[in-house]
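Commentary on secondary and tertiary structure
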Amino acid sequence: MPLTKGRRSILEKTKASLSSRVAAVLAACLFLGCAKTDKGPFFLHPDTGLINASKAYAVDNEKIVFNGSSVRLSASLIRDAPHDMPQTIKRLHEKGNIIISMEIENNSERKVLFDPTHVSLIYDKGVSIDRPLDYTDIFEQIVNKREDAEFEAEEELRGIKSDFYYMPLTIGPGQREQRLLIFHSLPQSPEDAELTIRELYIGRQSIDIAFPFIVKGQLP
């Protein structure tokens, strides 16, 4: 069917509109750097640029290490669940929960007090903030619809109480603790993340610690 003058005009306007939209998308990509070009799954990797700028931090493989005069802390993302990980935590890992292994070593002569309620996982400089799951949060995640669900969930949780941080913990001089921090799944397309610990008490004094990460696909 031959194009009438009216149809030709509509077609030309449509083409012009599409061209302008494509140009706008390309301009946005150039301006923003087309943020995530690598393919998932995405993981938290140490931000070596920020870490190398501080003498107190170092990177050991994919683990960030903070070496203070009184305490040593290390944090790393659990990407592949080890075979000896409790089945309850493995299921949370398979569901996409962010699980970070953190070790606290007390090198002072005073007690160290760590409170997981003072921990945050901050994405994109504060755009999104997550807190570690506590005992009740994990209970709600593992409970099912069977009649004996609550009893089974309680039994499961009793078996992993010493595997994750969910309540204030005191670490004596010369002692160390290694447990898991369990968070919700990764929010959509963050660029960076920071694990922050506020008011880690060493005796009567407290310090704040931050572990910087970037969010990228699997690195070689």
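A short tour of the structure in this document, coming up. The structure presented is a predicted model; accordingly, all values stated were derived computationally and were not measured.

So, the pairing of strand S5 (residues 97–106)
Residues in a regular strand project their side chains so that they alternate between the two faces of the sheet. The buried count for S5 comes to 10 of 10 residues, which makes it a mostly enclosed element. The two faces of S5 match: Asn-97, Ile-99, Ser-101, Glu-103 and Glu-105 on one face and Ile-98, Ile-100, Met-102, Ile-104 and Asn-106 on the other face are all buried. In this structure, strand S4 (residues 71–77) lies alongside S5, joined through seven bridges in antiparallel fashion. Bridge pairing in S5 links Arg-72 to Glu-105.

Considering the pattern of salt bridges
Where charged atoms of side chains with opposite charge meet at close range, the side chains can pair. For the structure shown, the criterion picks out six salt bridges. Close ionic contact of Arg-79 with Glu-62 constitutes a salt bridge, the shortest N to O distance being 3.8 Å. Taken as a pair, Arg-79 in the loop between S4 and helix H3 (87–94) and Glu-62 in the loop between strand S2 (57–60) and strand S3 (63–67) lie far apart in primary sequence, 17 residues in all. Here Arg-176 and Glu-103 are joined by a salt bridge, their closest N and O atoms 3.7 Å apart. Here Glu-103 lies in strand S5 and Arg-176 lies in strand S10 (residues 176–185), a separation of 73 residues in the sequence. Here Arg-176 falls in the partly exposed class, since its relative accessible area comes to 49%. Here the salt bridges do not stand alone but share partners, grouping Arg-72, Glu-103, Glu-105 and Arg-176 into one network.

So, the environment of Ser-69
Examined against the element boundaries, Ser-69 turns out to sit in the loop between S3 and S4. Sequence-wise, Ser-69 and Ser-108 are 39 residues apart; in three dimensions their C-alpha atoms are separated by 7.9 Å.

Details of the packing of aromatic side chains
Using the criterion set out here, one finds five aromatic pairs in the structure. Pairwise contacts between aromatic rings join Tyr-57, Phe-66 and Phe-211 into one cluster. The ring of Phe-43 is capped by Arg-79, whose NZ or CZ atom sits 5.6 Å from the centre of that ring.

A few points about the sheet that holds S4
What the five strands build is an open sheet, ordered S2-S3-S4-S5-S10; its pairing is antiparallel. Edge positions in the sheet fall to S2 and S10, since each has one partner strand and no second. Pairwise comparison of adjacent strand axes, ignoring direction, gives a mean angle of 20 degrees for this sheet. One ladder, built from four bridges, connects S3 with S4; its direction is antiparallel. When the sheet's bridge partners are listed, Val-65 is paired in S4 with Ser-74. Where H3 meets the sheet, it contacts S5 and S10, and its direction lies at approximately 125 degrees from that of S5.

Section: H3
All buried positions along H3 are accounted for by Thr-88, Ile-89, Lys-90, Leu-92 and His-93. Gly-96 lies just past H3 and shows a positive phi near 105 degrees.

Quick word on the side chain of Asp-47
With respect to the helices, strands and loops of the structure, Asp-47 is situated in the loop between strand S1 (42–46) and helix H2 (48–51). An unpaired buried charge is present at Asp-47: no salt bridge exists, and Lys-125, the closest side chain of opposite charge, is 6.4 Å distant. With residues near it in sequence (within four places) discarded, Asp-47 still touches Pro-212, Phe-213 and Ile-214.

Here we look at the nonpolar core
Of all hydrophobic cores here, the largest spans 33 residues; its most connected members are Leu-73, Ile-100, Leu-195 and Phe-211. Ranked by residue count, the leading element in this core is strand S11 (residues 192–202), at five residues. With sequence-adjacent residues up to four places away left out, Leu-73 is seen in contact with Ile-64, Val-65, Phe-66, Met-102, Glu-103, Ile-104, Ile-197, Leu-200, Ile-209 and Phe-211. Membership of the second largest hydrophobic core comes to 16 residues, among which are Ile-89, Tyr-135, Phe-139 and Ile-142.

Cut-offs used in this document
Residues numbered from 1 in each chain as written. Predicted model: local features only at pLDDT ≥ 70, side-chain atom pairs only at ≥ 80, totals over all residues. Heavy atoms only, no water. Buried < 20%, exposed > 50% of the residue type's maximum accessible area, 1.4 Å probe, protein only. Helix = DSSP H or I, 4+ residues; strand = E, 2+ residues; numbered from the N terminus. Pairing = 2+ DSSP bridges. Salt bridge = Lys/Arg side-chain N within 4 Å of Asp/Glu carboxyl O. Phe/Tyr/Trp six-rings, centres within 6.5 Å; stacked < 30°, edge-to-face > 60°. Lys NZ or Arg CZ within 6 Å of the ring centre and 35° of its normal. Axes fitted to C-alpha atoms, helices over the stretch in contact; angles between N-to-C directions. Contact = heavy atoms within 4.5 Å. Lys, Arg positive; Asp, Glu negative; His and termini not counted. Core = buried A, V, L, I, M, F, W, Y, C linked by side-chain atoms within 4.5 Å.

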